[in-house]
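Okay, here's what each chain looks like letter by letter:
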Amino acid sequence: MPAPQHRQTRSAMAGSGTEAPVARLSPRGCCGLVAILALSLGAFGLLDGIRQNTPLRWSFLGACVLLLVWGGVTCGSAYAKGRRLRIAIGVRRQHVVQALAPCAFLLYWGWYWRPVCDAAPLIGAQLVFAYAFDILLCWSRRDTYTLGFGPVPVIFSINLFLWFADDWFYLQFLLIGLGFVAKELIRWNKNGGRVHIFKPSSFPLAIFSLALI
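What comes next is a walk through the structure. (Residues numbered from 1 in each chain as written. Predicted model: local features only at pLDDT ≥ 70, side-chain atom pairs only at ≥ 80, totals over all residues. Heavy atoms only, no water.)

1. Overview of the side chain of D134
Just so we agree on the cut-off: Runs of E in the DSSP output that reach at least two residues are strands. Runs of H or I that reach at least four are helices, and both are numbered from the N terminus. Relative accessibility decides the category of a residue: with a 1.4 Å probe and only protein chains considered, values under 20% of the type maximum give buried, values over 50% give exposed, and everything between is partly exposed. We call two N or O atoms a polar contact when they sit within 3.5 Å, provided that within protein one can donate a hydrogen and the other can accept it, with sequence-adjacent residues counted only if both atoms are side-chain atoms. Residue contacts are counted whenever heavy atoms from the two residues lie within 4.5 Å of one another.
In this fold, D134 is placed in helix α7 (residues 120-139). Given the relative accessible area of 8%, D134 is considered buried. Side chain to side chain, D134 and Y145 meet in a polar contact 3.0 Å long. Sequence-distant contacts of D134, that is, excluding residues within four places in its chain, are made with Y145, P151, F180 and K183.

2. Structural notes on the pattern of salt bridges
Defined as follows: What counts as a salt bridge is simple: a side-chain nitrogen of Lys or Arg found within 4 Å of a carboxyl oxygen of Asp or Glu.
Within the structure shown, the criterion is met by seven salt bridges. Among the ionic pairs, D134 bridges to K183, the shortest N-O distance being 3.8 Å. One end of the pair, D134, is in helix α7; the other, K183, is in helix α9 (residues 170-185), with 49 residues separating them in the sequence. When the shortest N-O distance is used, the salt bridge between E184 and R141 registers 3.0 Å. Pair noted here: E184 is in helix α9 and R141 is in the loop between α7 and β3 (144-147), with a separation of 43 residues, a long-range link. For E184, a relative accessible area of 4% gives the class buried. Note on R141: relative accessible area 52%, which makes it exposed.

3. Points about the packing of aromatic side chains
What counts is decided by this rule: Aromatic pairs are defined between Phe, Tyr and Trp rings, using the six-membered ring for Trp, whenever the two ring centres lie within 6.5 Å; interplanar angles under 30 degrees are classed as stacked, those over 60 as edge-to-face, and all others as tilted.
By the definition in use, this model includes twelve aromatic pairs. Seen from their ring centres, W113 and W163 are 6.4 Å apart, and the 15° between their planes marks the pair as stacked. Note that W113 is positioned in the loop between α5 (93-112) and α6 (114-118) and W163 in the loop between α8 (151-161) and α9, a separation of 50 residues in sequence. Taking the relative accessible area as the measure of exposure, W113 reaches 41% and is therefore partly exposed. Judged by centre distance (5.4 Å) and plane angle (90°), the ring pair of F169 and F173 falls under edge-to-face. For F169, a relative accessible area of 3% puts it in the buried group. Through a chain of ring-to-ring contacts, three or more aromatic side chains come together here, namely F60, W70, F129, F133, F169 and F173.

4. Some words on the side chain of Q126
Assignment of secondary structure puts Q126 in helix α7. Looking at Q126, its side chain comes within polar contact range of the side chain of N159, at 3.0 Å. Q126 has contacts with I155, N159, F169, Q172 and I176, leaving out every residue within four places of it along the chain.

5. A short note on the sheet that holds strand β1 (residues 22-25)
In plain terms, the rule: Strand pairing is assigned whenever DSSP detects at least two bridges linking the two strands. Every axis corresponds to a line fitted to the C-alpha atoms, with the helix fit spanning only the stretch in contact, and the corresponding angles, defined between N-to-C directions, vary from 0 to 180 degrees.
Strand order in this open sheet of three strands is β1-β2-β3, and the pairing throughout is mixed. Among the strands making up the open sheet, the edge pair consists of β1 and β3. The mean angle between the axes of side-by-side strands here comes to 25°, regardless of whether they run parallel or antiparallel. Here four bridges tie β1 to strand β2 (residues 85-89), and the two strands are oriented antiparallel to one another. Looking at the pairing, L25 lines up with L85 of β2. Seen against the sheet, α7 touches β1, β2 and β3 and runs at an angle of roughly 150° to β3.

6. Some details on the nonpolar core
As a reminder, the rule being used: The definition of a nonpolar core used throughout is a set of buried Ala, Val, Leu, Ile, Met, Phe, Trp, Tyr and Cys residues joined through side-chain atoms within 4.5 Å.
Of all hydrophobic cores here, the largest spans 50 residues; its most connected members are L41, F60, F129 and W139. Put simply, the parts of the chain that give this core at least two residues each are α2 (27-44), α4 (54-81), β2, α5, α7, α8, α9 and α10 (202-212). When residues in this core are grouped by element, the largest group, 15 residues, is from α7. Apart from the residues lying within four places of it in its own chain, the contact partners of L41 are F60, A63, C64, L67, A125, V128, F129 and F173.

7. Some details on the state of the cysteines
To keep it simple, the criterion reads: Cysteine sulfur atoms are paired as a disulfide whenever they come within 2.5 Å of each other.
Per the stated rule, a full pass over the model turns up zero disulfides. In this structure C30 is not part of a disulfide, and its nearest cysteine sulfur, from C75, lies 5.1 Å away. Residue C30 is classed as buried on the basis of its relative accessible area of 1%.

This is the structure:
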């Protein structure tokens, strides 16, 4: 394994004392993974509450098609260039804590307000979209994606502060995409490594809130 990839993998498990296991995927395996995530997202569109609302159903269909096309282009490019895409397992403790806190708020909120429970499938669909989008964004720029709980607190935090109505739900996917793009592109050097500056949830929430105001 090349040295830069080795350092990247070890940094993903900083504080754990062990090196992250890495799965090397063929372009066909990558396409299969992306297709599973994209089709899983599309499957949410078959639920009664989503299927009966035409704008909401088209939001899911559009997001599913976007992921499939993007995945095909990314995997095709990797095959043409002889790249071997990888997935490294990197569970960070801070992501677990950051996921549990908003999850507790959502559960408490849902106990007293039924619409939160009704939105559970939409939140689950956003999680699937977030993982697929994050994977494809990473593979579009480098070979190794670190799989952990990172997208979970992003989705929970976004849903604590901003929900788009069903007729405008495609903006929810755009909101999530903007957050991960900002995390990937807006970075600085800290403690010898490149890290994102803004929280992936706070930056898009600020932009969309200002636009709505």
